[in-house]
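# Remarks on the overall topology
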Amino acid sequence: MGFSRGGRSVDKIQQLADYIDRSHAMVAITGAGISLSGGGVTYGQLSRSIRPGGFGSDRFLRSYVKAMHHYKPSPSHYALRDLETAGKLIGIITTNEDCMHTMAGSKNVAEIQGSFQINRCSKCGRHYDGYEIWDQDELPRCESCGGTILPWELYSHIGLWDEGVQKAREWIARADLILVIGTNGYYGSAYWNYRRRDAVIVQINPGHTGFDQVANLNIREACDDVFQKLQERWAGNV
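First things first, this report covers the structure right here in the doc. Keep in mind the model is a prediction, meaning the values are calculated, not measured.

### Overview of the sheet that holds strand S11 (residues 217–219)
- Taken in spatial order, the 6 strands of this open sheet run S5-S4-S3-S9-S10-S11, and their pairing is parallel. Strand pairing shows two members of the sheet lacking a second neighbour, strand S5 (109–111) and S11, which therefore form its edges. Between one strand axis and the next, the sheet turns by 15° as a mean value, whatever way the strands run.
- In the sheet, strand S10 (residues 200–204) pairs with S11 via 3 bridges, with the strands oriented parallel. Across the sheet, the residue bridging to Ile-204 is Ile-219, located in S11.
- Across the sheet, helix H1 (residues 12–22) touches strand S3 (26–30), strand S9 (177–181), S10 and S11, and the angle it forms with S11 is around 125°.

This is the structure in structure tokens:
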């Protein structure tokens, strides 16, 4: 695998491995692509069930939560967890609300659009943190008043979660390597300009996005395939 540049064959997987080996502070930016590779469904795909002029939250929540707990984190989710455990990855910035990074075991996750880990009673306002309350047949109810518990995206009507944005800005300002995985950069304006100007940018995405022109390296493959090849390279199997 490789491409020709000035008569020299460049192995993109090896180039990525070298970037990671040299990095002291890496950040990953992820979008729907990292979850779809594992058979997941995006929040946006199911949000059409919220009817114009009507809330439709029960139908939406049941559809999304059923899908969320039907599939598991992808190999790429676990690969990022392992990079964090190894001390390479300082944080993950994601627009995904599916909590898959947390389910995979990652600790430092900035969910800039909120997620099903950030919940509040629609009646009394009591907060419930953690995605576990959604793993049941019925929609969760408030222990205090019996009201319906709603996730951030439905109760806030705000596009961004401030706490997640602040984490994203802090991490990307420190990062010497930025991995852009399966995302088109939606809401990137909230944190992108805080990045170090000397940071190396690697995009992993089968399709073209707005990151094409700023990336030092574009890998046009599915992220699961890329991380598998990386692991094989590090294990000495290639």
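### Quick look at the nonpolar core
- In this structure, Leu-16, Leu-80, Ile-181 and Val-202 are the most contacted members of the largest nonpolar core, which totals 25 residues.
- Of all the elements in the fold, those that place two or more residues in this core are H1, S3, helix H5 (75–85), strand S4 (89–94), S9, S10, S11 and helix H9 (223–235).
- At 5 residues, H1 tops the list of elements feeding residues into this core.
- Ignoring any residue separated from it by four or fewer positions in sequence, one finds Ile-181 in contact with Ala-28, Ile-29, Thr-30, Gly-31, Ile-34, Leu-80, Ile-204, Cys-223 and Phe-227.
- Core analysis: the next-biggest nonpolar cluster, separate from the first, contains 21 residues, Ala-25, Ile-178, Tyr-191 and Ile-201 among them.

### Here's the deal with the pattern of salt bridges
- Applying the stated criterion to the full structure yields 7 salt bridges.
- The salt bridge partner of Glu-143 is Arg-126, with a shortest N-O separation of 3.4 Å. Linking Glu-143 in the loop between strand S7 (127–129) and strand S8 (149–151) with Arg-126 in the loop between strand S6 (118–121) and S7, this pair joins segments that are 17 residues apart in sequence.
- Taking the relative accessible area as the measure of exposure, Glu-143 reaches 65% and is therefore exposed.
- For Arg-126, a relative accessible area of 33% gives the class partly exposed.
- Close ionic contact of Arg-196 with Asp-198 constitutes a salt bridge, the shortest N to O distance being 2.9 Å.
- Taking relative accessible area as the criterion, Arg-196 reaches 31% and is therefore assigned partly exposed.
- The exposure class assigned to Asp-198 is exposed, which follows from its relative accessible area of 53%.

### Things to note about the packing of aromatic side chains
- Scanning the entire structure with this criterion turns up 2 aromatic pairs.
- Taking 5.1 Å as the distance between ring centres and 75° as the angle between the ring planes, the aromatic pair formed by Phe-116 and Trp-134 counts as edge-to-face. Of this pair, Phe-116 sits in the loop between S5 and S6 while Trp-134 sits in the loop between S7 and S8, placing them 18 residues apart in sequence. Neither residue differs from the other here; Phe-116 and Trp-134 are each classed as buried.

### Concerning the sheet that holds S6
- Taking strand neighbours across the sheet as the criterion, the 3 strands line up as S7-S6-S8 in an open arrangement whose pairing is antiparallel. Each end of this open sheet is capped by a strand with a single partner; those strands are S7 and S8. Going across the sheet, the axis of each strand differs from the next one's by a mean of 30°, ignoring polarity.

### Things to note about the packing of H5 against H9
- Contact pair H5 / H9: the axes reach a minimum separation of 8 Å and the direction vectors enclose 45°. Considering their axes alone, H5 and H9 lie oblique with respect to each other. Considering the relative orientation of H5 and H9, their crossing is left-handed. Here H5 contributes Pro-75, Ser-76, Ala-79, Leu-80 and Leu-83 to the contact with H9, which in turn contributes Cys-223, Asp-224, Phe-227, Gln-231 and Trp-234.

Cut-offs used in this document
- Residues numbered from 1 in each chain as written.
- Predicted model: local features only at pLDDT ≥ 70, side-chain atom pairs only at ≥ 80, totals over all residues.
- Heavy atoms only, no water.
- Pairing = 2+ DSSP bridges.
- Helix = DSSP H or I, 4+ residues; strand = E, 2+ residues; numbered from the N terminus.
- Axes fitted to C-alpha atoms, helices over the stretch in contact; angles between N-to-C directions.
- Contact = heavy atoms within 4.5 Å.
- Core = buried A, V, L, I, M, F, W, Y, C linked by side-chain atoms within 4.5 Å.
- Buried < 20%, exposed > 50% of the residue type's maximum accessible area, 1.4 Å probe, protein only.
- Salt bridge = Lys/Arg side-chain N within 4 Å of Asp/Glu carboxyl O.
- Phe/Tyr/Trp six-rings, centres within 6.5 Å; stacked < 30°, edge-to-face > 60°.
- Parallel < 35°, antiparallel > 145°, perpendicular 65-115°, else oblique.
- Left-handed = near helix turned anticlockwise from the far one by under 90°.

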